[in-house]
Amino acid sequence: MDFSFTEEQLMIQDVARRIAQEKVGPSAEHFDRSGEFPLENIRLMGENGLMGIEVPTEYGGAGMDPVAYVLAMVEIAAADAAHSTIMSVNNSLFCNGILTHGTEAQKQEYVGAIAEGREIGAFALTEPQSGSDATAMRCRAVKQADGSFVINGKKSWITSGPVARYIVLFAMTEPDKGAKGITAFLIDTTKPGFGRGKTEPKLGIRASATCEIEFNDFVATADDVLGKEGEGFKIAMSVLDAGRIGIASQAIGIARAAYEATLAYVKERKAFGQPIGAFQMTQAKIADMKCKLDASLLLTLRAAWLKGQGKRFTTEASVAKLTASEACMWIAHQAVQIHAGMGYSKEMPIERYFRDAKITEIYEGTSEIQRLVIARNETGLR
Ligand code: CAA
Ligand code: FAD
């Protein structure tokens, strides 16, 4: 077993770290307060290969492996979680699905623009009445005699929805078939029949714009179908397997930032005549933070490595996402507690880490859904 990284992996980590330190970190507070979408930074990240890390170079990406993706995501998330959310949707949920299931023409048309950061992508599975229970979707695509589809319905909580040029959409083509009646489509949002709702005000990741989107007699051609008709749910699930590695990486980045800030603070802040880091109660918290952080990173690298080897990684991705997101929430919570008054103040980024941490336990499958996936796969029971 080799725990070292390749030159390529270290190179993209360095690129991400430089952009994180020079651009993303310094602007994080501004974007958190204003809730503006950080378009200029996203373009810069795209120009530097960070929006299509696993996308082959012939389609405009960096041509690297899933481990490289983890390392880069951690760096960006440590500087600002919202930027890493946008990065993860473009990389994992948008490009990855098209690379795996798309035709050559679809790869040529859709992947380059997103991988190079010229356009923003989105992934639309959730609806107002169906989040965890994704097959209960109602968005309907009705096949016409000429092979095209007319799409009507709503999708909610769509990350980058307010700004996305292209969207991977899941809609019911044959409602009586349940999961097997769902089809994936590639949507160009400049076409008629597409609408966006207002941007959702959120607790955290405030610069990652989220909204409801709506389809009113939107026409998708037969060429806009991603994969085969009726295979949409399996595509969504396999894309989410990979996406969960990205969210685990995001959680590690937020947790690392909270941990590093705490480590510095416990050495400098004094109480009862000594640094607060000398108290055994603080030391136990530091030790537990370190263990959870390392365990999360190792589990996430394992899932990424399996993906890179072309092996099945559904369970490992859920194990990584569950462990890292719960560790992140716990570490951010302890960071606030150790910073106490200063942890609660907007003068330090600790309260932002705490607000940003929570989303990692919710999107791309809640913690309960990760437990369900892991336990179903382990027991074979449901
Ligand atoms: N890979 C491939 N196929 C899969 C699969 C996987 N990982 N998981 C399930 N499938 C297949 C099954 O094999 C089954 O097919 P067959 O009948 O042919 O065997 C079919 O899909 C249906 O599977 P289930 O019966 O297991 O489906 P279910 O209705 O019980 O749901 C679930 C399973 C795991 C709960 C799933 O609905 C789920 O993951 N829900 C959470 C939804 C989610 O994560 N949403 C995220 C939205 S995107 C987002 O959040 C982005 C963002 O924030 C930035
Ligand atoms: P529900 O499914 O209603 O769940 C409510 C509660 O019940 C949860 O605690 C859940 O864990 C629990 N629960 C549900 N089913 C079970 C079960 N079987 N066993 C035990 N407990 C269960 N979706 C997209 O498609 N694209 C996006 O880009 C996207 N971005 C998002 C961005 C943000 C900021 C947010 C908040 C959400 C986003 N989502 C997106 C939606 C996200 O994936 C869903 O919120 C998530 O899957 C949970 O669905 P829900 O909110 O409808 O909760």
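One numbering rule holds for all chains: residues counted from 1, following each sequence as written. Working convention: letters from A go to chains and numbers from 1 go to ligands, in the order in which they are written. Given that the model is predicted, a residue must reach a pLDDT of at least 70 before its local features are reported, and side-chain atom pairs must reach 80 or more before they are shown or counted; all residues, however, enter totals for whole chains, interfaces and linings. For side-chain calculations, the full set of non-hydrogen atoms in the structure is used, while hydrogens and water are omitted.

By the naming in an unreviewed UniProt entry, the chain goes by 3-sulfinopropanoyl-CoA desulfinase and is assigned to Solilutibacter oculi. UniProt positions are given in the numbering used here, feature names are shortened, and annotations may be inferred rather than shown by experiment. In its Sequence similarities (unreviewed entry) section, the UniProt entry covering the chain states "Belongs to the acyl-CoA dehydrogenase family."

## With respect to a nonpolar patch on the surface
Residues enter a patch when their relative accessible area is above 30% and they make no salt bridge; the linking distance is 9 Å between like charges and 5 Å between nonpolar side chains (Val, Leu, Ile, Met, Phe, Trp, Tyr). What sets the accessible areas is the Shrake-Rupley method with a 1.4 Å probe; for residues, cover comes only from the shown protein chains. By convention in these notes, a salt bridge is any Lys or Arg side-chain nitrogen within 4 Å of a carboxyl oxygen on Asp or Glu. On the surface, a cluster of nonpolar side chains totalling about 450 Å² of accessible area is made up of M1, F3 and L298. The buried label goes to any residue with under 20% of its type's maximum accessible area, the exposed label to any with over 50%, and the partly exposed label to all in between, with areas taken from a 1.4 Å probe on protein chains only. Of the residues examined, F3 reaches a relative accessible area of 61% and is grouped as exposed.

## Re the site of ligand 1
Near residues are defined by distance, with any heavy atom within 4 Å of the molecule or strand qualifying the residue. Surrounding ligand 1, one finds 27 residues, the nearest of these being S132, K180, R244, Y363 and E364. Separating a nitrogen atom of ligand 1 from a backbone N or O atom of S132 is a distance of 2.9 Å. Note that an oxygen atom of ligand 1 is positioned 3.0 Å from one of the side-chain N or O atoms of K234. Burial of ligand 1 by the protein chains amounts to 75% of its free accessible area of 1100 Å². In DSSP terms, a helix is any run of H or I states spanning at least four residues, a strand is any run of E spanning at least two, and both are numbered starting from the N terminus. Looking at the shell around ligand 1, the elements with two or more residues in it are α4 (81-101), α6 (232-268) and α11 (367-379). A per-element tally of the shell around ligand 1 places α6 first, with seven residues. Here the shell around ligand 1 is built from residues that sort into 11 nonpolar, eight polar and eight charged. Counting of polar contacts relies on pairs of N or O atoms within 3.5 Å, with two restrictions inside protein: one atom must be capable of donating a hydrogen and the other of accepting it, and residues adjacent in sequence are counted only when both atoms are side-chain atoms. Here the term charged refers only to Asp, Glu, Lys and Arg, the term nonpolar to Ala, Val, Leu, Ile, Met, Phe, Trp, Tyr, Cys and Pro, and the term polar to all other amino acids, Gly among them.

## Focus: the environment of K228
Residue placement: K228 occurs in the loop between β8 (225-226) and α6. As a C-alpha pair, K228 and F185 span 43 residues in sequence and 9.8 Å in three-dimensional space.

## Here we look at the domain arrangement of the chain
Domain ranges listed in this record stem from an automatic or a database domain assignment. One can read the domain layout of the chain as domain 1 (7-120), domain 2 (123-229) and domain 3 (233-379). Listed per partner, the contact involves 26 residues of domain 1 and 28 residues of domain 3. Where domain 1 packs against domain 3, one counts four salt bridges. Between E54 and K307 there is a salt bridge, with the nearest N and O atoms lying 2.5 Å from each other. Applying the counting rule to domain 1 against domain 3 returns nine residue pairs in polar contact (both at pLDDT 80 or more). The set of elements that each furnish at least two residues to the side of domain 1 that touches domain 3 consists of α1 (7-34), α3 (66-79) and α4. Among the elements that take part in the side of domain 1 that touches domain 3, α3 stands out by supplying 11 residues, more than any other. Of the residues that constitute the side of domain 1 that touches domain 3, the class distribution is 13 nonpolar, seven polar and six charged. Should any heavy atoms of two residues lie within 4.5 Å, those residues are considered in contact.

## Quick notes on the pairing of strand β5 (residues 182-188)
Counting buried residues along β5, seven of its seven residues qualify, which places the element largely inside the surrounding structure. Here β5 shows two buried faces, one formed by I182, A184, L186 and D188 and the other by T183, F185 and I187. Only strands that DSSP links by at least two bridges are regarded as paired with each other. Taken together, the seven bridges between strand β4 (residues 166-172) and β5 define a ladder with antiparallel strand orientation. Across the sheet, residue V168 finds its bridge partner in β5, namely L186. The sheet contact formed by β5 and β8 spans two bridges and is antiparallel. Note that in β8 the partner of F185 across the bridge is V225.

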